[in-house]
Structure formats: structure tokens, C-alpha cells
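Given next are the chains, with one letter for each unit.
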Amino acid sequence: GLSVVLCDGSVPSHRVLAVGEGCYDMLHVPPTADQSQGQICEQNPSDWIDALRSAMVDLGQKMSSSSSSSWEDGIASVGITGQMHGETLLSSSGEVLRPARLWCDGRNAAEGDELTAL
């Protein structure tokens, strides 16, 4: 999933004011007769953008129902977390070419083992 965290900017508080949540699915490709590729785990990068939009809407709804009428004045930062350690292939114009390979995708396990041994 994806989280957006809104933090208070007052020192020394730096308390979390609200968290917005968004989610997306991991694509698991079922194993085939050829098991040499390993586990295939991918995500559509457009799902990340959709999850961010959803998390921002969630955050806005939580903050608009907040008891503080001037919460905007105290915002120091907004942190966004989500998927990392993946391979997202883009065209020269910045368009996504295919689903992103995730860190748990096993197709390159042999190459990873080889690099670890160096």
C-alpha cells in the first residue's frame, strides 16, 4: 500500500497530524511448466499514481474533519511511502513500457547470487 503522512511543523512537537492511505495490487503470474524463470512479481506503475491520489483524498478528508481550523499553518512536511527496489522501464518520452518488476521477482535470482558472491 501507500501512505501519505502529514506532520506538524512546531518544534519540538513534530507530531503526525494525519495519515492518508491508498492501496494497489501486486501482480502474481502463476508458475508455468518452465520453472526456470522463478517467481514473477510485478506492479503497474499507474496503480502507484492512483494510490497516491486516493491517499491524498483520504488525507484531505481526515484533515477537513479535524478539530483544528488552522491546521494548514502548522504543516512542515508531507512524507510519502510506497514500493521501492523495483525496475520501471520507460521510453525516451517517459512513458511506462511494461509492468514494473518488484524486489521479490525471482527471474534474476541467479544473477543476484553471482553479484553477491563477488
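Residues numbered from 1 in each chain as written. Predicted model: local features only at pLDDT ≥ 70, side-chain atom pairs only at ≥ 80, totals over all residues. Heavy atoms only, no water.

### What to know about the overall build of the chain
Piece 1. Along the backbone of the chain there are 2 helices and 6 strands.
Piece 2. Counting all 118 residues of the chain, 20% fall into the buried class.
Piece 3. Taking the intrachain contacts of the chain between residues at least 6 apart in sequence as the baseline, contacts between residues at least 24 apart amount to 60%.
Piece 4. For the chain, the accessible area works out to roughly 8000 Å², and carbon and sulfur atoms hold 56% of it. (Helix = DSSP H or I, 4+ residues; strand = E, 2+ residues; numbered from the N terminus. Buried < 20%, exposed > 50% of the residue type's maximum accessible area, 1.4 Å probe, protein only. Contact = heavy atoms within 4.5 Å. Areas by Shrake-Rupley, 256 points an atom, 1.4 Å probe, with all protein chains shown as cover.)

### A short note on the side chain of Asp105
Piece 1. Within the secondary structure, Asp105 is located in the loop between strand E6 (100-101) and helix H2 (109-117).
Piece 2. One polar contact links the side chain of Asp105 to the main-chain amide nitrogen of Cys41, over a distance of 2.9 Å. (Polar contact = N/O pair within 3.5 Å; in protein donor to acceptor, adjacent residues only side chain to side chain.)

### What about the pattern of salt bridges?
Piece 1. Counted by the stated rule, this structure contains 5 salt bridges.
Piece 2. The residue Arg101 makes a salt bridge to Glu87 at a minimum N-O spacing of 3.8 Å. Taken together, the residues Arg101 in strand E6 and Glu87 in the loop between strand E5 (75-81) and E6 connect sequence positions 14 residues apart.
Piece 3. Through salt bridges that share partners, Glu42, Arg98, Asp105 and Arg107 make up one connected network. (Salt bridge = Lys/Arg side-chain N within 4 Å of Asp/Glu carboxyl O.)

### Focus: the pairing of strand E4 (residues 40-43)
In the case of a regular strand, side chains alternate between the two sheet surfaces.
Piece 1. Of the two faces of E4, both are covered, the one formed by Ile40 and Glu42 as well as the one formed by Cys41 and Gln43.
Piece 2. As defined by bridge partners, E4 adjoins E6 across 2 bridges and the pair is classed as antiparallel. Bridging across to E6, Gln43 finds its partner in Ala100. (Pairing = 2+ DSSP bridges.)

### Let's talk about the environment of Leu90
Piece 1. Counting through the fold element by element, Leu90 comes out in the loop between E5 and E6.
Piece 2. Exposure remark for Leu90: the relative accessible area of 48% places this residue in the partly exposed category.
Piece 3. For Leu90 and Ala100, which are 10 residues apart along the polypeptide, the C-alpha to C-alpha distance reads 9.8 Å.
Piece 4. Those residues in contact with Leu90, other than ones at most four positions away along the chain, are Glu95, Val96 and Leu97.

### Concerning the confidence of the model for the chain
Piece 1. Of the residues in the chain, 60% reach a pLDDT of 70 or more, and the chain-wide mean stands at 74.
Piece 2. When mean pLDDT is taken per element in the chain, H2 scores highest with 88 and strand E3 (residues 27-29) scores lowest with 59. (pLDDT = per-residue confidence, 0-100.)

### Things to note about helix H1 (residues 45-64)
Piece 1. The terminal C-alpha atoms of H1 lie 29 Å apart, and with 20 residues this matches the ideal 28 Å at 1.5 Å per residue to within 8%.
Piece 2. Within H1 the residues assigned to the buried category are Pro45, Ala51, Ala55, Asp58, Leu59 and Met63. Along the long axis of H1, the arc covered by the buried residues comes to 125 degrees, so they all point the same way. Among the exposed residues of H1, those oriented more than 90 degrees off its buried face are Arg53, Gln61 and Ser64. (Expected span 1.5 Å × (residues − 1). Arc of directions from axis to C-beta.)

### Side note on the environment of Gly106
Piece 1. Looking at the element boundaries, Gly106 is found in the loop between E6 and H2.
Piece 2. The class for Gly106 is partly exposed, based on a relative accessible area of 22%.
Piece 3. Each C-alpha atom of the pair Gly106 and Cys41 lies 7.8 Å from the other, and the pair is 65 residues apart in sequence.

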